[in-house]
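Here is how the chains run, residue by residue.
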Amino acid sequence: NILYDAGATTMVIAVNAAAQDDKRIYSEGNTGTATPHWAPLMTDTNSPWSAVCGFLNTDGGVTKYGQSDAQSGDGTLDSTWKVVTVRDSGTDIKFRVNGGAWEAGFSYTRAATTLNVANIGCLERTTVTSLYAGSIARLLAADRALSDENCTILERWAGEAVGITI
């Protein structure tokens, strides 16, 4: 199953990368068309490209949220290990880094998407693009919006792998 179809999602990941423009850390697409695309973990398209953000484009090509709507703070990607958490309730998406405060969330209306492939480190639709250049130590994806307490437990687990105490 594709994670987007669960309706709500939480992802915790340990990443180490320099700032980079418009790359996918985790994404879902459709191998038959370039239109639908969900990337709850990607790099920002706005300079200085150091934030982790999200993007949702529907079957009809409507962008439900874009990189400047839902993102971590600038400086997330600075060539040091960070634990990034994204929590998407199905109507609100928000980020936090290293167990800190949640960034302001972005509310949206969920829409139908026909996604059939999930990838770590790239976007796959009719072709493979947007290759992420960096390291990933641990990735946990849950098919629900986890509580703050459960997010913290998983952030500690991911942080342990890279020497971050949360």
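Placed above this text is the structure.
Conventions and cut-offs
- Residues numbered from 1 in each chain as written.
- Predicted model: local features only at pLDDT ≥ 70, side-chain atom pairs only at ≥ 80, totals over all residues.
- Heavy atoms only, no water.
- Pairing = 2+ DSSP bridges.
- Helix = DSSP H or I, 4+ residues; strand = E, 2+ residues; numbered from the N terminus.
- Axes fitted to C-alpha atoms, helices over the stretch in contact; angles between N-to-C directions.
- Buried < 20%, exposed > 50% of the residue type's maximum accessible area, 1.4 Å probe, protein only.
- Contact = heavy atoms within 4.5 Å.
- Polar contact = N/O pair within 3.5 Å; in protein donor to acceptor, adjacent residues only side chain to side chain.
- Salt bridge = Lys/Arg side-chain N within 4 Å of Asp/Glu carboxyl O.
- Expected span 1.5 Å × (residues − 1).
- Arc of directions from axis to C-beta.

## Topic: the sheet that holds strand E4 (residues 52-57)
Read from one edge to the other, the open sheet built from five strands follows the order E5-E4-E3-E2-E9, with strand pairing classed as antiparallel. Both edges of this open sheet fall to strand E5 (63-65) and strand E9 (117-120), since each of them pairs with a single strand only. Each strand axis lies, on average, 20° off the axis of its neighbour in the sheet, ignoring direction. The sheet contact formed by strand E2 (residues 24-30) and E9 spans four bridges and is antiparallel. The partner of Glu28 across the bridge, within E9, is Ala118.

## Topic: the environment of Thr33
Note on placement: Thr33 falls in strand E3 (residues 33-43). Given the relative accessible area of 29%, Thr33 is considered partly exposed. Taking the C-alpha atoms as reference points, Thr33 and Arg125, separated by 92 residues in sequence, lie 6.2 Å from one another. Ignoring anything within four residues of it in the chain, the contact list for Thr33 reads Arg125 and Thr126. Here the side chain of Thr33 touches Thr35 through a polar contact of 3.3 Å, landing on its backbone nitrogen.

## Here's the deal with the pattern of salt bridges
Taken as a whole, this structure holds seven salt bridges when the rule is applied. In this structure, Arg110 engages Asp88 in a salt bridge whose closest nitrogen and oxygen atoms are separated by 3.7 Å. Note that Arg110 is positioned in the loop between strand E8 (106-107) and E9 and Asp88 in strand E6 (residues 82-88), a separation of 22 residues in sequence. Residue classification places Asp88 among the buried residues on the basis of a relative accessible area of 2%. Residue Asp92 pairs with Lys94 through a salt bridge whose shortest N-O separation is 3.9 Å.

## Considering unusual backbone geometry
Residues other than glycine seldom take positive phi values, yet Asp22 does so here, at roughly 60°. Within the element layout of this structure, Asp22 appears in the loop between strand E1 (9-16) and E2. Asp22 gets classed as partly exposed once you look at its relative accessible area, which sits at 26%. In this structure, Ser79 is a non-glycine residue whose phi angle is positive, near 65°. With respect to the secondary-structure elements, Ser79 resides in the loop between E5 and E6. Here Ser79 falls in the partly exposed class, since its relative accessible area comes to 46%.

## Examining helix H1 (residues 148-160)
With 13 residues, H1 should cover 18 Å at 1.5 Å per step; its first-to-last C-alpha distance of 18 Å lies within 8% of that length. Along H1, the residues classified as buried are Cys151, Leu154, Glu155, Ala158 and Gly159. Seen along its axis, H1 keeps its buried residues to an arc of 140°; they face one direction. Of the residues in H1, the exposed ones pointing more than 90 degrees away from the buried face are Glu149 and Glu160.

On their own, these measurements won't tell you what the molecule is for.
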